[in-house]
Amino acid sequence: MNNPFVGTGIAIVTPFKKDLSVDHEALENIVEHNIKNGVDYIVISGTTGESVTVTKTEKQEIIKTISKVNNGRVPLVLGIGGNNTAAVIEEIKTTDLSGFEGILSVSPYYSKPTQEGIYQHFKAIAEACPVSIILYNVPGRTASNMLPETIFRLANDFDNIVAVKEAGNNVGQYLQLIKGKPEGFGIISGDDDLVLGVTLAGGAGVISVIAQALPADFSKMIQLGLEGKAKEAYAIHYKLMDVTSLIFSENNPAGIKAVFEALNLCDATVRLPLVQATSDLKSKIKAALEKL
């Protein structure tokens, strides 16, 4: 087992024009902005990419755009997950994964399976998947918590399950994962507000939302954390605290898209049932960015 996903990964947005079509020009600019400013890998079609309201055809077009701009410079990860195990496996088998280092696969949402059900779901995926797998535990969205024991069982049983993106906002569970993980298995933070402490405690870094807007600062913070340079890293953490908190105050990705709008990188448009950040939040985000 060898987790190649170390450092700063970003859960990239899907920019939309005001007519709700995908804005590929803005997407190209965001990818270039991140690669030039030090991100280590890019995750396509995650929650932040509004994967549930992007069509299969649009997903393929987004992959083409990002792959073209990236041109092999950083590893790419593709979000393939859901609560229909057979459908997830079918997507894996019918997707060209040759350009991807791995997939990010969310624990089944809505269905609320038992821990054994979660294990069997990922067992089936691992047996079908030709690339590395990052498990994704996000209880606030799935309504169930993938426990450390289940994660360790999967990690020990399948060599291609190499990491977990943990996003339960639970410091105790992070520490359990870092303490008990098999050697070589990565604990990746999905909580932008907790990631520095997780990294300093032995985590592998982050798959971040805010980092894609402020990649130079965030990547530097994570690198310092990986080097154990807590004082220098926390100086950056404190600088970014306000804007990091603001982007999650209404919904994700409305917050990060409001940041991008303020930076003139893309429109703040999101697809229903999400709605744009309120004018009040946009004003607060602009003020926080001006302080930076």
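In case you missed it, the structure is sitting above this.
The rules behind the values
Residues numbered from 1 in each chain as written. Predicted model: local features only at pLDDT ≥ 70, side-chain atom pairs only at ≥ 80, totals over all residues. Heavy atoms only, no water. Core = buried A, V, L, I, M, F, W, Y, C linked by side-chain atoms within 4.5 Å. Buried < 20%, exposed > 50% of the residue type's maximum accessible area, 1.4 Å probe, protein only. Helix = DSSP H or I, 4+ residues; strand = E, 2+ residues; numbered from the N terminus. Contact = heavy atoms within 4.5 Å. Polar contact = N/O pair within 3.5 Å; in protein donor to acceptor, adjacent residues only side chain to side chain. Expected span 1.5 Å × (residues − 1). Arc of directions from axis to C-beta.

Visitor: How should I be thinking about the nonpolar core in this particular structure?
Guide: For soluble globular proteins, nonpolar side chains are generally found buried alongside one another. Within the largest apolar cluster, 80 residues are counted, with the highest numbers of intra-cluster contacts made by Ile42, Ile44, Ile103, Leu135 and Phe218. In terms of residues, this core owes the most to one element, helix H10 (residues 230-247), which gives six residues. Apart from the residues within four sequence positions on either side, Leu135 is in contact with Leu104, Ser105, Phe122, Met146, Ile151, Leu154, Ile161, Ala163, Val164 and Lys165. By size, the runner-up hydrophobic cluster in this structure holds 16 residues, among which are Phe5, Leu104, Ile134 and Ala204.

Visitor: It is not clear to me how the side chain of Thr95 should be interpreted in this structure. Could you clarify?
Guide: By the element assignment, Thr95 lies in the loop between helix H3 (85-94) and strand E4 (102-106). Only 2.6 Å separates the side chain of Thr95 from the backbone oxygen of Glu91, close enough to count as a polar contact. Apart from the residues within four sequence positions on either side, Thr95 is in contact with Leu78 and Ile80.

Visitor: Just checking my understanding: could you explain unusual backbone geometry for this structure?
Guide: What is expected of a backbone is that most residues other than glycine have negative phi and most peptide bonds are trans. Along the chain, Asn252 connects to Pro253 via a cis peptide bond; the corresponding omega equals 15°. With an omega of 15°, the peptide bond running from Leu272 to Pro273 counts as cis. Structurally, the position occupied by Pro273 is in the loop between helix H11 (254-262) and helix H12 (279-291). The residue Ser45 is not glycine, and still its phi comes out positive at about 65°.

Visitor: I keep staring at H12 and nothing clicks. Help me out?
Guide: Helical periodicity: at 3.6 residues per turn, an α-helix aligns residues three or four positions apart in one direction. The first and last C-alpha atoms of H12 sit 19 Å apart over 13 residues, in line with the 18 Å expected at 1.5 Å per residue. Within H12, the full set of buried residues consists of Leu281, Lys282, Ile285, Ala288 and Leu289. Within H12, the buried residues cover an arc of 125° as seen down the axis, which keeps them to one side. Residues of H12 that are exposed and angled more than 90 degrees away from the buried face: Ser279, Glu290 and Lys291. Packed against the buried residues of H12 are H10 and H11.

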